[in-house]
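# Reading the structure
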Amino acid sequence: MTEEMYSVEQVADRLNLHVRTVRGYIRSGRLRAVRIGKQYRIAASDLDVLTGQAPTAPSVTRQAEVSSIVQIDGVDRAAADRLGTLVLTSANTGHDQANPLRVQTVYDEQRHRMKIIILGDPAATGELLHLLDAVLNADNGLLDPEVHDV
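Summarised in this report is the structure supplied together with it. This one's a predicted model, so the numbers in the text were calculated from it and none came from an experiment. (Residues numbered from 1 in each chain as written. Predicted model: local features only at pLDDT ≥ 70, side-chain atom pairs only at ≥ 80, totals over all residues. Heavy atoms only, no water.)

## Regarding the packing of aromatic side chains
- Tallying each qualifying case throughout the model produces 0 aromatic pairs.
- Between the NZ or CZ atom of Arg30 and the centre of the ring of Tyr25, over which it lies, the distance is 4.3 Å.
- Between Arg35 and the ring centre of Tyr40, over which it is positioned, the NZ or CZ distance is 5.2 Å. (Phe/Tyr/Trp six-rings, centres within 6.5 Å; stacked < 30°, edge-to-face > 60°. Lys NZ or Arg CZ within 6 Å of the ring centre and 35° of its normal.)

Spelled out as structure tokens, the structure:
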């Protein structure tokens, strides 16, 4: 969420002041501003403070995000690839496109360990974890190396 920023000229126009007057307010500390290169930028809330207006409260939407790390031991590379494809496909379909699940998979060849990192809203994360639990506890051969070797 970014706050609207104004140039010295825009502030002068809004307040019907001369540009030099606005710069004087900035130099004296009466108006807070940020210097970017050779120009000043004034935040809308700082302009409200100068004019005595109550700053408008930003609209805050409450949103919960879940961070989950699932560690699966005893997995070979092929099974980790299949499981990763399943998880990523599930995360990228059928969910709120405005707030997508973010999923990353990591495989440690030496330890035969896979980690799946999931970031997202609680409901979508729960669905993905439920799918993962079902796959890991099912006897469907997805993680069985003999079934998929060609």
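Continuing now.
## Some words on the pattern of salt bridges
- The full count for this structure, using the stated rule, is 7 salt bridges.
- With a shortest N-O distance of 2.5 Å, Glu65 and Arg102 are connected by a salt bridge. With a gap of 37 residues between them, Glu65 in the loop between α3 (44–51) and β4 (66–73) and Arg102 in strand β5 (residues 102–108) connect regions that are remote in the sequence.
- Accessibility expressed as a relative area gives 40% for Arg102, which makes it partly exposed.
- Residues Arg113 and Asp73 are paired through a salt bridge, measuring 2.7 Å at the closest nitrogen-oxygen approach. You can see Arg113 sitting in strand β6 (residues 113–120) and its partner Asp73 sitting in strand β4, a full 40 residues away along the chain. (Salt bridge = Lys/Arg side-chain N within 4 Å of Asp/Glu carboxyl O. Helix = DSSP H or I, 4+ residues; strand = E, 2+ residues; numbered from the N terminus. Buried < 20%, exposed > 50% of the residue type's maximum accessible area, 1.4 Å probe, protein only.)

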